[in-house]
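If you want the building blocks of each chain, they are given just below.
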Amino acid sequence: MTPRQRIASVLAGRRPDRPAASFWRHHPRQEMTGEDLVRVTLEFQRRFHWDLVKINPRAEYHTEAWGNRYAFYDDDHRRPTLIEPRVRSPRDWATLAVLDPTDGVLGVHLRAARRIREALGADVPLVMTVFTPLSIAAELAGVRETPRPGDVVRHGDELERGLDTITETFTRFVRELISAGCDGIFFATTRLGTRAHLNDSDFQRLSRPRDLAVLAASGGATANVLHVCGPRAMLDLTADYPVQLVSWDMRDATNPGPAEIAAQSRRALLGGIAQELTRDVSRGDEVVEQARQTLEAVGSERVVLGAGCVVPMDVDPAVLDRVRQFVERASGPDRRG
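None of the values given here were measured: they were computed from a predicted structure. (Residues numbered from 1 in each chain as written. Predicted model: local features only at pLDDT ≥ 70, side-chain atom pairs only at ≥ 80, totals over all residues. Heavy atoms only, no water.)

Draft legend 1. Representation of the layout of surface pockets in the model. Of the pockets and cavities examined, the second largest pocket occupies roughly 200 Å³. Forming the walls of the second largest pocket are 14 residues, and the residues nearest its centre are L235, D236, P256, I261 and Q264. Its residues placed into classes, the lining of the second largest pocket shows five nonpolar, four polar and five charged. (1 Å grid on protein atoms, 1.4 Å probe; cavity = no way out; pocket = protein on both sides within 12 Å on 5 of 7 lines; lining within 4 Å. Points joined across faces, edges and corners; volume = space filled by probe spheres on them. Nonpolar A, V, L, I, M, F, W, Y, C, P; charged D, E, K, R; others polar.)

Written out as structure tokens, the structure reads:
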């Protein structure tokens, strides 16, 4: 099978010729320009030949567009540091404008997505990373990584006006991505889809309706991925989101395992491997065992093997080679390794 045929089989609940797999990582120094993003994305894919390519843009692109200021480093193992957020008081939300998705930082990434699509050819599915409007708003207000409950919603009604501006901008951007040839979006909640950082009522009021609006803009997408990041993931509150794949940290003890989610939904799953294990080749046997356990839990017809989140920037390529070798060997009658 081609990667596209393999992913299509998984999305349809049919066993592929072998298990599908996909991993992704950041290369901060090489994400600074559209040209470098195209190059490093293609190099990573040519090195490992994943079945689904996720474009990993620089993690700040969505907020740079409105004026967040960052310090960037000539280091592929150090992500940029936030210097100054665009939103410093509640009244700043009203000053955000709806952006043209074909211009500025968004335009750079849109053109990069189009070039990656052209270079990959038709046989490899491609998704672009897009963050939820609430996640974008949090970073615009200077709340990064581990927001405390209440941090994001402290701006009251003014926040909702800003969220509407962000939502309109990214619905336009997503439409352009699909037109550029992306098969879908990798829609990431970051930490704002977990009960560790947000309560249910605030998620339902602030995030859910706007998430659904962005996903609706991807009409015609065949490989939308919902990524709910971190512990205590709100998988129950996102269970009806219109996506074909759901990604979360299946190895976190506070989250449900793959068999539990597979029993509740016909959507395909993405993940099964603890991303921190990929740092050390001496833990390659554990990585392969987790892959095997995931396949045993749900079958190769329901899952794309991958990490619970982005792999670390100091990932050992030899560990990813082990996964690649595992799936290539796992092509027997039951295709579960």
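Once you've had a look at it, read on.
Draft legend 2. Spatial organisation of the pairing of strand β10 (residues 303–307). In terms of residue burial, β10 counts as a mostly covered element, since five of its five residues are buried. Note: strand β1 (residues 20–21) against β10, two bridges, orientation parallel. Considered in β10, the bridge of A20 is made with V304. Sheet topology note: the strand β9 (residues 268–273)/β10 ladder contains five bridges and is parallel. From the neighbouring strand, L269 faces β10, where its bridge partner is V303. Taken together, β9, helix α9 (residues 284–298) and β10 form a β-α-β motif whose crossover is right-handed. (Buried < 20%, exposed > 50% of the residue type's maximum accessible area, 1.4 Å probe, protein only. Helix = DSSP H or I, 4+ residues; strand = E, 2+ residues; numbered from the N terminus. Pairing = 2+ DSSP bridges. Right-handed = clockwise from strand over helix to strand, strands pointing away.)

Draft legend 3. Layout of the pairing of β9. Taking burial as the measure, the six residues of β9 include six buried ones, the bulk of the element. One ladder, built from three bridges, connects strand β8 (residues 245–248) with β9; its direction is parallel. Bridging across to β9, V246 finds its partner in L269. Crossover β8 to β9 through helix α8 (residues 258–264) is right-handed.

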